[in-house]
Amino acid sequence: MGDSTDGSSMAAHSAQSSDNSNTPGFFRRVLAALGPEASGETTPTGGDIQITASGNRAPDLQSLGRVRVNDVAVPKADIVAVPADISKSELVEQFRETGFSRLPVYDGTLDTPLGMVHLKDFALSYGFSGCDEKDLDLRGLLRPLLFVPPSMSIGVLLQKMQSERRHMALVIDEYGGVDGLVTIEDLIEEVVGEIEDEHDTDEDRLWVSEKPGQYLALAKTPLDEFEAETGVSLTETDEVDEEEIDTLGGLVFMLAGRVPVRGEVVQHPAGPEFEVVDADPRRIKRLRVRLKNVAS
């Protein structure tokens with residue numbers, strides 16, 4: 001979530017980067033549906049959540065004016081952001097691997113955010129490959145971010161995003177640190193339900209086969225299911241105690257003896273290797289698994 005770095009693959013849709021449904025007319029309809037509470041007023045909402053013909057719970061639009069930003073924000077541990085001194089090749093790889101079209105940029109740590117870099121701005125300045133000889137001036141590409149408290153209602157935030165033409169906001173805690181991230185898509189999905197496009201993947205798919213002998217898998221993939229799929233035993237070795245681990249991420253953590261960093265390759269004693277595609281300081285998220293003795 002590693003294809004070639006072309007315009008379509010790097011502009012892939014994600015919850016951190018969508019442009020969906022952000023026209024002023026759409027906002028007016030959404031805010032009208034949210035009712036007076038979206039503007040900070042208080043009136044009786046009337047009506048409970050409705051049940052649709054399919055049995056799904058339809059959103060009680062007026063009650064969404066009471067939903068707070070911290071209820072829909074991406075937690076800090078899951079935010080994908082880049083440092084201001086990142087290289088061109090590393091930034092290209094981030095766009096490619098995540099599929100996001102917008103990334104927060106920070107100085108030193110995420111608690112010192114500088115702004116947001118948009119894939120379009122980077123591509124127009126440096127080309128989609130980012131491999132020319134021009135030095136990367138990331139600060140010159142930055143767009144401003146919104147900074148909002150976790151207690152703000154999503155209706156008020158929608159209005160603020162519309163009036164200031166912002167698509168991404170960082171949630172700031174009482175000490176001034178970053179606590180989460182919200183995008184327009186996160187807010188709109190609270191109104192209209194989950195927004196899916198051709199780039200979205202089935203959450204039930206724990207892994208995909210990229211080519212013979214190579215898989216892109218979530219770290220939470222159960223070991224027994226992955227072994228059954230591939231026909232390769234990953235636990236029949238002295239270095240692995242199968243009683244202590246249940247997932248691919250747990251296996252890689254045990255082999256490395258720590259949480260490996262993004263891009264690190266961990267070798268299995270039986271031959272397979274695990275490349276860490278996505279991780280934060282606390283946990284592994286996604287892995288690329290390469291099996292041995294499999295024809296490409």
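In short, a report on the structure. (Residues numbered from 1 in each chain as written. Predicted model: local features only at pLDDT ≥ 70, side-chain atom pairs only at ≥ 80, totals over all residues. Heavy atoms only, no water.)

### Overview of the environment of Ser-125
Topologically, Ser-125 is positioned in helix 5 (residues 119–126). Note: C-alpha distance between Ser-125 and Leu-141 (16 residues apart in sequence) is 8.7 Å. (Helix = DSSP H or I, 4+ residues; strand = E, 2+ residues; numbered from the N terminus.)

### Some thoughts on the sheet that holds strand 14 (residues 283–290)
Read from one edge of the open sheet, 5 strands run 10-11-14-13-12, paired in antiparallel fashion. Strands with a single pairing partner mark the edges of an open sheet, and in this sheet they are strand 10 (207–211) and strand 12 (265–267). Strand-to-strand twist across the sheet, computed as the mean angle between neighbouring axes with direction ignored, equals 25°. Relative to strand 14, strand 11 (residues 214–218) runs antiparallel, the two sharing 5 bridges. Its bridge partner being in strand 14, Ala-217 is matched across the sheet by Leu-287. (Pairing = 2+ DSSP bridges. Axes fitted to C-alpha atoms, helices over the stretch in contact; angles between N-to-C directions.)

### Some thoughts on the nonpolar core
By size, the foremost hydrophobic cluster in this structure holds 20 residues, and its most contacted members are Phe-226, Leu-234, Leu-248, Phe-274 and Leu-287. Taken together, the elements giving at least two residues each to this core come down to strand 11, helix 8 (223–230), helix 9 (248–256), strand 13 (273–280) and strand 14. In this structure, Leu-287 is in contact with Tyr-215, Leu-216, Ala-217, Ala-219, Leu-248, Gly-249, Val-252, Phe-274, Glu-275, Val-276 and Val-277, ignoring residues within four places of it in sequence. One finds Ala-73, Val-171, Val-182 and Leu-187 within the second-largest nonpolar core, a separate group that totals 17 residues. (Core = buried A, V, L, I, M, F, W, Y, C linked by side-chain atoms within 4.5 Å. Buried < 20%, exposed > 50% of the residue type's maximum accessible area, 1.4 Å probe, protein only. Contact = heavy atoms within 4.5 Å.)

### Focus: helix 9
When we look at burial in helix 9, the residues that qualify are Leu-248, Gly-249, Leu-251 and Val-252. Buried residues of helix 9 fall within an arc of 160° about the axis and therefore sit on the same side. Turning to helix 9, the residues buried within the fold contact strand 11, helix 8, strand 12, strand 13 and strand 14. At the C-terminal side of helix 9, Gly-257 shows a positive phi close to 80°. (Arc of directions from axis to C-beta.)

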